[in-house]
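Here is how the chains run, residue by residue.
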Amino acid sequence: MDDQPRLMHSTHGVGMAGHPGLAQHMQDGTGGADGEGRKQDIGDILQQIMTITDQSLDEAQARKHALNCHRMKPALFNVLCEIKEKTVLSIRGAQEEEPPDAQLMRLDNMLLAEGVSGPEKGGGSAAAAAAAAAAGGGGSDNSVEHSDYRAKLSQIRQIYHTELEKYEQACNEFTTHVMNLLREQSRTRPISPKEIERMVGIIHRKFSSIQMQLKQSTCEAVMILRSRFLDARRKRRNFNKQATEILNEYFYSHLSNPYPSEEAKEELGKKCSITVSQVSNWFGNKRIRYKKNIGKFQEEANMYAAKTAATATNVSTHGSQANSPSTPNSAGGYSSPCYQSDRRIQ
DNA sequence: GACGATGATTTTTA
DNA sequence: TAAAAATCATCGTC
C-alpha cells in the first residue's frame, strides 16, 4: 500500500495526475461566477504548460507506470469492466441485434444469378444466354450483340470485384487500427475484449452498408445493360414478306371475326416460322390498327379479297385445300370490314 | 435525320 | 383472363 497515498496526492508537476490549477478550479467552484478568477486560472494553466520540461514529462510517465504496476490495478480494472459490461453493453447489445438483411440477400442472389459475383461463368455468358432465351431471342444473328453484352458484363464484374476488394481492405485496415487503439486505451480505461468485439461489429456493419450501395449500383448497371442488349424490342426484326402475307390473308379472310383459335395460331406460327405469341401480337396489333384506320387498309383488304377469291376458285377447280388455316369461327372468305363478333371493335 | 410502319411490352378494360 | 388500347423502340424508306 505504499503507493496508495500517491494516488490521492496532489503534485506540483504537470501531467494527467497532477494539475493544481485545474484541481483547485474544480474544487472551489470559483470558475463559474468570477471572470477575473477564471482568467487567473487559465493564466496559471498556460504558465504550467509553458514550464513543462522533459523532466516533468518523465515524472508524469513514471507516475503512469507506477499506476499501471499498482497491485490493485488489475482487480479494480476488472471490476470496472464488469460493471460496464453489465450496464452499458447489455443495453446496447439488446438494441443492436439485427435480423439478416433481406435486401442484401436479394442483391447477392441477383448478382450471383447474373454472373457478377461468385465463380466466373465465362464472363456471364450463361446469364446472357439465359436472358436471351427468356427474351424469346437466340440464334446466331444475335451472337455479336451477345459478345458485346458479355464484354460489358465482364467490365461490370471487374469493377465490382475491384471495388469490393478495396472496401474489404479498407475495412480490415480500419478494424485493425481501431482494435489497436482500443487495446492501447484499455490499459488506462476499462475496455473489455467484448467491447472491442462490439466495436468491430459496428465497423463491419458500417462497411457492409457501403458494400450494399456498391451491390445496388452494380445491380442497376446490370439491369440497364440487360435492357440495352437483351430487350426483345431492341432487336426487333420485321417478319419476312411471306409471313406477313400469310398473316394478312388469314386476317382479311376472317375479317368478320379475326380471332384465330390456339390451333390456328399454332398453324400460322409454323407456316410463318414465328411463335404463337408473335402471332397473337400480330393479330392484336392488326386488329387495333385496322379498326383505327379502316380507310387506309381498304386497298390492302381488297387485294387480299381478290387473292382469297382466286384461291377459292383454284380450290373448287382442283379440289385442293385452302391455304389459310381454318378456325371454328371462320367465315370462310372475305367478309365485311367490320367485326361482327361479340368480341367487338365496333 | 424525319417519319411512318411495325413488332413487342405494358396498362386498362370488360 | 384475353383483348383493347397505349406506348415503346426499332426498322425501313425517303
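Right above here is the structure, for reference.
Being a predicted model, the structure only gives us computed values, none of them experimental. (Residues numbered from 1 in each chain as written. Chains lettered and ligands numbered in written order. Predicted model: local features only at pLDDT ≥ 70, side-chain atom pairs only at ≥ 80, totals over all residues. Heavy atoms only, no water.)

1. Quick look at the packing of aromatic side chains
Heads up, the rule is: In this analysis, rings of Phe, Tyr and Trp, with Trp reduced to its six-membered ring, are considered paired at centre separations within 6.5 Å, and the interplanar angle assigns stacked below 30 degrees, edge-to-face beyond 60, and tilted for intermediate values. Numbering of helices and strands starts at the N terminus; helices are DSSP runs of H or I of at least 4 residues and strands are runs of E of at least 2. Each residue is placed in one exposure class: buried if its accessible area under a 1.4 Å probe, protein chains only, is under 20% of its type's maximum, exposed if it is over 50%, and partly exposed if it falls in between.
In the structure shown here, the tally under the stated rule is ten aromatic pairs. Between Tyr 252 and Tyr 304 the ring centres are 5.5 Å apart and the planes differ by 10°, which places this aromatic pair in the stacked class. In this pair, Tyr 252 is assigned in helix α10 (residues 241–253) and Tyr 304 in helix α13 (residues 294–318), connecting sequence segments 52 residues apart. Both residues of the pair, Tyr 252 and Tyr 304, count as buried. Between Trp 282 and Phe 283, the aromatic rings sit 5.1 Å apart at their centres with planes inclined by 75°, giving edge-to-face as the arrangement.

2. Details of unusual backbone geometry
Although it is not a glycine, Ser 273 sits at a positive phi angle of roughly 60°. Here Ser 273 lies in the loop between α11 (262–272) and α12 (276–292). Residue Ser 273 is classed as exposed on the basis of its relative accessible area of 65%.

3. Considering the protein's contact with DNA strand B
Rules: What makes a residue near a molecule or strand is one non-hydrogen atom of that residue sitting within 4 Å of it. Any pair of N or O atoms that falls within 3.5 Å is considered a polar contact. Within protein, one atom must be able to donate a hydrogen and the other to accept it, and sequence-neighbouring residues count only if both atoms are side-chain atoms. The nonpolar class holds Ala, Val, Leu, Ile, Met, Phe, Trp, Tyr, Cys and Pro. Asp, Glu, Lys and Arg form the charged class, and all remaining residues, Gly among them, are polar.
Within the structure, DNA strand B sits among twelve residues, and Arg 236, Gln 278, Asn 281, Asn 285 and Arg 289 are positioned closest to it. If you look at DNA strand B and keep only atoms within 4 Å of the protein, 52% of those are sugar or phosphate atoms. Interatomic distance of 3.0 Å between a side-chain N/O atom of Asn 285 and a base nitrogen of DNA strand B. Measuring from a base oxygen of DNA strand B, one finds a side-chain N or O atom of Arg 289 at 2.7 Å. Of all the elements, α12 adds the most residues to the surface near DNA strand B, at five residues. Here the surface near DNA strand B is composed, by residue class, of three nonpolar, four polar and five charged.

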